[in-house]
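A structural walkthrough
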2 protein chains.
Amino acid sequence: MNHFVSIQLDKKSKTPLYKQLGDALYNFIQKGVLKPNTKLPTIRTLASQLKINNVTVVNAYKYLENKGVVYAQIGSGTYVSPLPSEIISPPISRKIDTDIQLKQITITKNTINFASISPTTNLFPVEDFKEVFNQVLERDKGDAFSYQESQGYYGLRESIVDYLKNYGINTKSDNIQIISGAQQGIDILSKALLQFGDILFVEQPTYHGAIAVFQNRGARIVEIPLESDGINIPLLEDYLKIYNPKFIYMMSYYQNPTGYSYSLNKKRKLLDLAEKYNTYIIEDDYLSDLNYSKEPNIPLKALDHRNRVIYIKSFSKILMPGLRLGFLVAPKPLLNHILSAKHTTDISTSSFIQRVFDLYLRKELWKNHINKICNIYNKRYDCFIHNINKYLDNYVTYTKPNGGLSLWLKLIPSISTKTLCDKLLSKDVIISPGSLFSTSQNFSSFIRLSFAAVDEKEIEKGLKIIKDVIEKMIDNSPSSTTPFL
Amino acid sequence: MNHFVSIQLDKKSKTPLYKQLGDALYNFIQKGVLKPNTKLPTIRTLASQLKINNVTVVNAYKYLENKGVVYAQIGSGTYVSPLPSEIISPPISRKIDTDIQLKQITITKNTINFASISPTTNLFPVEDFKEVFNQVLERDKGDAFSYQESQGYYGLRESIVDYLKNYGINTKSDNIQIISGAQQGIDILSKALLQFGDILFVEQPTYHGAIAVFQNRGARIVEIPLESDGINIPLLEDYLKIYNPKFIYMMSYYQNPTGYSYSLNKKRKLLDLAEKYNTYIIEDDYLSDLNYSKEPNIPLKALDHRNRVIYIKSFSKILMPGLRLGFLVAPKPLLNHILSAKHTTDISTSSFIQRVFDLYLRKELWKNHINKICNIYNKRYDCFIHNINKYLDNYVTYTKPNGGLSLWLKLIPSISTKTLCDKLLSKDVIISPGSLFSTSQNFSSFIRLSFAAVDEKEIEKGLKIIKDVIEKMIDNSPSSTTPFL
């Protein structure tokens, strides 16, 4: 308690006393002097210790509550929020290093690219699309290039309704918003649902491109640990009691970067909590089609009987990223906000691409394509697992995802991820460091390796290079003479 | 001065005194009790009148300064800002009615659409594009559908450098950012340049789609009156002395909605002021190609020797909106911010469309097309002017734009724009009310009529309907028996 008497307040300052006091306490919380869930002194105690008015303390606590670093429990007192305070400080200043994605890394045909989660161009269904392109041009002529209504081409929204039946999702074309890819979906939802300073929850770790959007929007991001069967439910509920997030951003299957999928049980609990605490869930489905197990996948949206889920579907990973097309399915009360945000963002998605994609869905050309790439990637997955076990068994641990395009590997403590990435880059092998996927430092010993853009030969060759580099790092490390003492 | 003694402050309230005082003064300013440029009482006078501490008054004035409603002149005192205070109050709450654009107005083939500024589909160069589509598919195959670097396809940026020479703009491919249409350009620039609460300047009136973006971003918009030869320069400088706008958003030619173009003199002055006050100018060039005069057009960017101009070029109006393609040319210090905002917004613009457009530019197919539509629209323009003079001479005044796709008409005071729009809608004629283009009420007697989507027959028919409706409104107005007394 003696921290508090050390607080110096200047009654002559232009800064109001309550703010001086609040800032001093904020400082204690930031520095960890006051730990999460610590009870703050009662109003009366602190006021008398510092010889100030009770009202000043009340205002200081209110000020901290508005900042999100303390919470009040009625009849009990005021407590330090259970989150690391840096997570909820203004996010604008704490960008994660998405520059890694933008950095001009020279990729040649010899580069082994374990960082990309986009399929290589030889897997694209170009011939199918070429046919469909020309059919649309023939059929629609100039109409194919007019402004499209902002919600999206009606025909396409209709064919998406049919397409979604394959995934157990029943909806109407009115509930669908066409978007230019999932990234735009996240951006538009941020504009529609978040004001400056609003709180949202994400899984920790998560997709850096989503974090970048939320940060740019000036929102406050609360990261909740992800476990191998889904988000940590008790922690989620603890945080829902304190904060009022506008939404929870998550991926049900083959989460990026962990590859983890939700159990049915956790999906149900998540939906219950969203209903109980009156919030929404953004389900980002970028990859659930790549399922290598025998169990069918059930998107969260398929279980969403209380309309709490906004479902984003991207075709960048399972068809071709250059199409820049995807869609949202959203609960009715949100649709107008979403439509208005889409209009403000780019008026509408390319009319031509929408018409082409409509015809592609109607002809059911996607079914063959998905089967084909699922088989190809299943083989690569098996090859990947086999070679990880062969080469990296001593140096990494991981959970098998049984789907998707990546593995999330925890390195043994003696390996610096940053050094490993740099050394591999000089050998023309690219990997993604775990630090890319969270604003906290918790993932500095993880790497994400993806097999989307490498064939079976490159997988074996690349993993062997990684093994050699790791072994050399261990040999050269200062403690290398005594590692097993 | 007796307003001030009426202020009641409650020393027991939880709200600090300075804030109570500030809010009371803010209220006076909002209600117009304190007019723009009024000097506020000195600190000492107000403190003694209200029997409060000097510091409380200092803090109250500072609080108002932060809100942007007063400004301090060193050695002189504190003054009410010269802007209508509602313009600079938090913008989120004061959306202009962009819903009009989203409203589902049923457009049939009998509708006469004077509201659209997009060309009709029969003017689109579909055959040219069909040829280029297939050439790109043949040439690039799967590569045409991969992720493109966020800045844009290098080949396209190179051909844009050549294209821009036709407009007197000399730049390098490094300074170009590809965007999915001008609307996205405005959105991305907002993300790159504006934080919550930042100030920017726009012409008054201006494009509602830009206002919607700035408002959604939580920025504060200062509207500066536009005159028929460009922005009001002395007023602009007055405001630049007080505010620190991140940028000034403007259109050099055939401004939307007024059709006004900048004189060379005003363009030079604008550039000088941007340099003097260290701000940027966003030049939105959506239409400068449609020039019906003999004088060539000189974009502001072509005069920008001190790198103050961010140039946005859209092809939606002069080629086909369904392409969703445009570009920015930006000063070097801004490029990284812009690139990062683009990446966050949608990763990249469709690789396929970029490659197609590159080939379209390289083949110089655009030159013929622009000539063709310029001739067509010149004829419609002449027809439009002729019929406006024939039918609406008694009811409207306007300035001839000599280019572009719209006229900005001021109605005689006895006509209600809203009633006129509604009555015309019931006769299947659509027009744009002036209120759409500003957050202030100054333009409620204006309408924008565009001839982009109407042919010469429809122009004559539509304008005659407008005349008939106006005449009927005048006949039915309560004062109709005495209009000429």
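All values reported here derive from a predicted model rather than from experimental measurement.

1. Topic: the overall build of chain A
The number of helices and strands found in chain A is 17 helices and 16 strands. In terms of overall size, chain A behaves like a compact globule, its C-alpha atoms giving a radius of gyration of 25 Å where 485 residues would be expected to give roughly 23 Å. Burial statistics for chain A: of 485 residues in total, 61% are counted as buried. Summarising the internal contacts of chain A: among those between residues at least 6 apart in sequence, 74% fall at separations of at least 24. For chain A, the accessible surface area stands at approximately 20100 Å², while carbon and sulfur atoms represent 50% of it. Treating the 59 positive side-chain charges of chain A as one cloud and the 46 negative ones as another, the clouds have centres 6 Å apart.

2. Structural notes on the interface of chain A and chain B
Each partner contributes residues to the interface: chain A has 59 residues there, and chain B has 59 residues. Where chain A meets chain B, there are four salt bridges. With a shortest N-O distance of 2.7 Å, Asp187 of chain B and Lys191 of chain A are connected by a salt bridge. Our count for the chain A to chain B interface comes out at 22 residue pairs in polar contact (both at pLDDT 80 or more). Of all the secondary-structure elements, those providing two or more residues to the side of chain A that touches chain B are helix 4 (54–67), helix 6 (99–102), helix 7 (126–140), helix 9 (182–193), helix 10 (208–216), helix 13 (332–346) and helix 14 (351–362) of chain A.

3. Here we look at the sheet that holds strand 7 (residues 230–231) of chain B
Residues and elements named next belong to chain B. Taken in spatial order, the eight strands make up an open sheet running 4-11-10-9-8-5-6-7, and their pairing is mixed. Of all strands in the sheet, those bounded by a partner on one side alone are strand 4 (176–179) and strand 7. Here five bridges tie strand 9 (residues 280–285) to strand 10 (residues 309–314), and the two strands are oriented parallel to one another. Directly across from Ile282, in strand 10, lies its bridge partner Ile310. The strands that helix 8 (residues 154–165) touches are strand 4, strand 10 and strand 11 (326–329); relative to strand 4, the one it contacts most, it runs at about 110°.

4. Overview of the sheet that holds strand 16 (residues 446–450) of chain A
Residues and elements named next belong to chain A. What the four strands build is an open sheet, ordered 12-13-16-15; its pairing is antiparallel. Taken across any chain shown, the strands that pair with only one partner, and hence form the sheet edges, are strand 12 (396–397) and strand 15 (432–433). With two bridges joining them, strand 15 and strand 16 adopt antiparallel strand pairing. Bridge pairing links Pro433 to Ile447 in strand 16. Across the sheet, helix 15 (residues 365–392) touches strand 12, strand 13 (406–411) and strand 16, and the angle it forms with strand 13 is around 15°. Lying on the sheet, helix 16 (residues 417–426) is in contact with strand 13, strand 15 and strand 16; it crosses strand 16 at an angle near 35°.

5. So, the domain arrangement of chain A
Residue and element names in this part refer to chain A. As assigned here, chain A comprises domain 1 (2–82), domain 2 (99–121 + 368–481) and domain 3 (126–364). One C-alpha centre belongs to domain 2, the other to domain 3, and the line joining them spans 27 Å. Tallying the contact residues gives 28 residues for domain 2 and 28 residues for domain 3. Together, the buried faces of domain 2 and domain 3 total about 2400 Å²; carbon and sulfur atoms form 65% of this surface.

6. What about the packing of aromatic side chains?
A complete count under the given rule lists 63 aromatic pairs over all chains for this structure. Ring centres 5.8 Å apart and planes at 55° place the aromatic pair Tyr253 of chain A and Tyr254 of chain A in the tilted group. For Tyr254 of chain A, a relative accessible area of 4% gives the class buried. Plain terms: the ring middles of Phe384 of chain B and Phe451 of chain B are 5.2 Å apart, the flat faces sit at 45° to each other, and that makes the pair tilted. Remark: Phe451 of chain B occurs in the loop between strand 16 (446–450) and helix 17 (456–476) and Phe384 of chain B occurs in helix 15 (residues 365–392); sequence separation between them is 67 residues. Its guanidinium or amino end placed over the ring of Tyr280 of chain A, Arg308 of chain A lies 5.5 Å from that ring's centre, counting from NZ or CZ.

7. Comments concerning the environment of Leu303 of chain A
Residues and elements named next belong to chain A. Tracing the backbone shows Leu303 in the loop between strand 9 (280–285) and strand 10 (309–314). Residues Leu303 and Thr206, 97 residues apart in the sequence, show an inter-C-alpha distance of 23 Å. Aside from chain neighbours lying at most four places away, what touches Leu303 is Leu264, Lys267, Leu271 and Ile298.

8. Some details on the packing of helix 8 (residues 154–165) of chain A against helix 14 of chain A
Residue and element names in this part refer to chain A. Helix 14 packs onto helix 8 with a crossing angle of 35° between their chain directions and a minimal axis gap of 9 Å. The chirality of how helix 8 crosses helix 14 is left-handed. Mapping the contact onto sequence places Gly155, Leu156, Glu158, Ser159, Ile160 and Tyr163 in helix 8 and Gln354, Phe357, Asp358, Leu361 and Arg362 in helix 14.

9. What to know about unusual backbone geometry
Peptide bonds are mostly trans, and most non-glycine residues show a negative phi. For the bond from Gln204 of chain B to Pro205 of chain B, the omega torsion is 0°, close enough to zero to count as cis. Along the chain, Pro205 of chain B falls in the loop between strand 5 (199–204) and helix 10 (208–216). A cis amide bond, omega 15°, links Asn256 of chain B with the succeeding residue Pro257 of chain B. Mapped onto the fold, Pro257 of chain B is located in the loop between strand 8 (247–250) and helix 12 (264–276). Unlike most non-glycine residues, Arg324 of chain A shows phi in positive territory, near 55°. The residue Arg324 of chain A is located in the loop between strand 10 and strand 11 (326–329) in this model. Unlike most non-glycine residues, Tyr254 of chain B shows phi in positive territory, near 50°. Secondary-structure assignment places Tyr254 of chain B in the loop between strand 8 and helix 12.

10. Some remarks on the packing of helix 11 (residues 233–242) of chain B against helix 12 of chain B
In a pair of packed helices, the angle between the axes and the distance between the axes together describe the arrangement. Residues and elements named next belong to chain B. Their axes nearest at 11 Å, the elements helix 11 and helix 12 cross at an angle of 5°. Relative to helix 12, the element helix 11 is oriented roughly parallel. Contacts between helix 11 and helix 12 pair Ile233, Leu236, Glu237 and Leu240 from the former with Lys266, Lys269, Leu270, Leu273 and Lys276 from the latter. Residue classes in the contact of helix 11 with helix 12 are distributed as five nonpolar, no polar and four charged.

11. Let's talk about helix 3 (residues 43–50) of chain B
Residue and element names in this part refer to chain B. Of all the residues in helix 3, the buried ones are Leu46, Ala47 and Leu50. Across the axial projection of helix 3, the buried residues extend over an arc of 100°, all falling on one side. Facing away from the buried side of helix 3 by more than 90 degrees, the exposed set consists of Arg44 and Ser48. Note on helix 3: the residue one or two positions beyond its end, Lys51, has a positive phi of about 55°.

12. Side note on the pattern of salt bridges
In the structure shown here, the tally under the stated rule is 52 salt bridges over all chains. For Asp140 of chain A, the salt bridge identified is with Arg355 of chain A, shortest N-O distance 2.9 Å. You can see Asp140 of chain A sitting in helix 7 and its partner Arg355 of chain A sitting in helix 14, a full 215 residues away along the chain. With relative accessibility at 11%, the residue Asp140 of chain A sits in the buried group. The salt bridge involving Asp229 of chain B is made with Lys266 of chain B; its shortest N-O contact spans 2.9 Å.

Procedures and definitions
- Residues numbered from 1 in each chain as written.
- Chains lettered and ligands numbered in written order.
- Predicted model: local features only at pLDDT ≥ 70, side-chain atom pairs only at ≥ 80, totals over all residues.
- Heavy atoms only, no water.
- Helix = DSSP H or I, 4+ residues; strand = E, 2+ residues; numbered from the N terminus.
- Rg over C-alpha atoms; globule rule 2.2 N^0.38 Å.
- Buried < 20%, exposed > 50% of the residue type's maximum accessible area, 1.4 Å probe, protein only.
- Contact = heavy atoms within 4.5 Å.
- Areas by Shrake-Rupley, 256 points an atom, 1.4 Å probe, with all protein chains shown as cover.
- Lys, Arg positive; Asp, Glu negative; His and termini not counted.
- Charge placed at Lys NZ, Arg CZ, Asp CG, Glu CD.
- Salt bridge = Lys/Arg side-chain N within 4 Å of Asp/Glu carboxyl O.
- Polar contact = N/O pair within 3.5 Å; in protein donor to acceptor, adjacent residues only side chain to side chain.
- Pairing = 2+ DSSP bridges.
- Axes fitted to C-alpha atoms, helices over the stretch in contact; angles between N-to-C directions.
- Domains from an automatic or database assignment.
- Buried area = accessible area lost by both parts, 1.4 Å probe.
- Phe/Tyr/Trp six-rings, centres within 6.5 Å; stacked < 30°, edge-to-face > 60°.
- Lys NZ or Arg CZ within 6 Å of the ring centre and 35° of its normal.
- Left-handed = near helix turned anticlockwise from the far one by under 90°.
- Parallel < 35°, antiparallel > 145°, perpendicular 65-115°, else oblique.
- Nonpolar A, V, L, I, M, F, W, Y, C, P; charged D, E, K, R; others polar.
- Arc of directions from axis to C-beta.

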